[in-house]
Amino acid sequence: MALALPLSPARAELGVVRACLESNAPRLSSVQRLVVEARDSLGRVSESRAKLYWRRLLDGEQRLLVRMEAPDDLAGVALLVIARSAERPSVHLYLPELDETRRVYSPEDVPPVLGGDVPIEEMRSLVNLTDQAKLRLIGELDLEGRRVWVVEARPNAVSSFERIVALVDQRYCLPLRLEFFGIEDRPLRRMRVDPEQV
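A short tour of the structure in this document, coming up. Quantities reported herein were computed from a predicted structural model and do not represent experimental measurements. (Residues numbered from 1 in each chain as written. Predicted model: local features only at pLDDT ≥ 70, side-chain atom pairs only at ≥ 80, totals over all residues. Heavy atoms only, no water.)

1. Brief notes about the overall build of the protein chain
For the protein chain, the helix and strand inventory stands at 2 helices and 11 strands. The secondary structure elements of the protein chain, listed N-terminal to C-terminal, are α-β-β-β-β-β-β-α-β-β-β-β-β. Out of the 198 residues belonging to the protein chain, those deemed buried represent 43%. In the protein chain, of all internal contacts separated by at least 6 residues, the share reaching a separation of at least 24 is 43%. Accessible surface for the protein chain amounts to roughly 11000 Å². Of this, 49% is attributable to carbon and sulfur atoms. (Helix = DSSP H or I, 4+ residues; strand = E, 2+ residues; numbered from the N terminus. Buried < 20%, exposed > 50% of the residue type's maximum accessible area, 1.4 Å probe, protein only. Contact = heavy atoms within 4.5 Å. Areas by Shrake-Rupley, 256 points an atom, 1.4 Å probe, with all protein chains shown as cover.)

2. Looking at the pattern of salt bridges
This model, assessed by the stated rule, comprises 10 salt bridges. Note that Arg 147 and Asp 142 form a salt bridge whose closest N and O atoms lie 3.2 Å from each other. Given the relative accessible area of 23%, Arg 147 is considered partly exposed. A salt bridge links Asp 185 to Arg 163; its shortest N-O distance comes to 2.8 Å. Of the two residues, Asp 185 is situated in the loop between strand S10 (175-181) and strand S11 (187-193) and Arg 163 in strand S9 (residues 163-169); the sequence distance between them amounts to 22 residues. Judged by its relative accessible area of 9%, Arg 163 falls in the buried class. Connected through shared salt-bridge partners, Arg 136, Glu 152, Arg 154, Arg 163 and Asp 185 make up one network. (Salt bridge = Lys/Arg side-chain N within 4 Å of Asp/Glu carboxyl O.)

3. Some thoughts on the nonpolar core
Counting residues in hydrophobic clusters, the biggest one holds 35 residues, and the most contacted among them are Val 17, Trp 149 and Val 151. Val 17 has contacts with Ala 12, Leu 137, Trp 149 and Val 151, leaving out every residue within four places of it along the chain. By size, the runner-up hydrophobic cluster in this structure holds 9 residues, among which are Leu 143, Val 150, Leu 176 and Phe 181. (Core = buried A, V, L, I, M, F, W, Y, C linked by side-chain atoms within 4.5 Å.)

4. Describing the side chain of Glu 140
With respect to the helices and strands, the residue Glu 140 is situated in strand S7 (residues 133-143). A relative accessible area of 2% places Glu 140 in the buried class. Here Arg 147 takes part through its side chain, which lies 3.3 Å from a polar atom of the side chain of Glu 140. (Polar contact = N/O pair within 3.5 Å; in protein donor to acceptor, adjacent residues only side chain to side chain.)

5. Things to note about the packing of aromatic side chains
A full pass over the atoms with the stated rule returns 0 aromatic pairs. The positively charged end of Arg 163 is found above the aromatic ring belonging to Phe 181, 4.0 Å away from the centroid. (Phe/Tyr/Trp six-rings, centres within 6.5 Å; stacked < 30°, edge-to-face > 60°. Lys NZ or Arg CZ within 6 Å of the ring centre and 35° of its normal.)

6. What to know about the environment of Ser 160
Tracing the backbone through its elements, the reader meets Ser 160 in the loop between strand S8 (146-155) and S9. Ser 160 gets classed as partly exposed once you look at its relative accessible area, which sits at 47%. Linking Ser 160 and Phe 180, residues 20 residues apart in sequence, is a C-alpha distance of 9.2 Å.

7. Brief notes about the pairing of strand S2 (residues 45-56)
Judged from the 8 bridges that link them, S2 and strand S3 (residues 62-70) form a sheet pairing that is antiparallel. When the sheet's bridge partners are listed, Arg 56 is paired in S3 with Gln 62. Where S2 folds back onto S3 in an antiparallel hairpin, the turn is made up of 5 residues, including Gly 60, whose phi is positive at roughly 95°. (Pairing = 2+ DSSP bridges.)

Quick look at the structure:
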């Protein structure tokens, strides 16, 4: 774990944390502002900002739209992911300079949205951390005046990440920060959510 904050043992049980997260997971739709820090192979960190829109339709189909706000060269770029059960999600890319939307069939066709090679399916962790992941409660800490649980999520399905460490606000049951790890103990990517903008 890469968190440089004093960690104390958790006073809650994992079941309580899971119930808290599930009770606050959106049923039909949500909107969140994101700040993403990505580290490249040379250790350089880049920052991106985006707005994430998620919606579940009556037939169970899920739609996830990521609209870039910064940096300037990506502002206005948007990715739409349409996920249906038992099917591979379809991904659509909007490029403002061309004023067109096109379907994306290969990861190589996607620009470096959110600071690099972000698998767009990982964005679902912001919508519902308990979905398709095994959780483990690591402890608690104070984050900017808020008491948070430190939760590790290990994806059950094939993923680009080995694990995700989330700081979950105990009052509002929201993941305020997510750190995505590969095989090393240094996060490959960090995401922050502004709780005032949720």
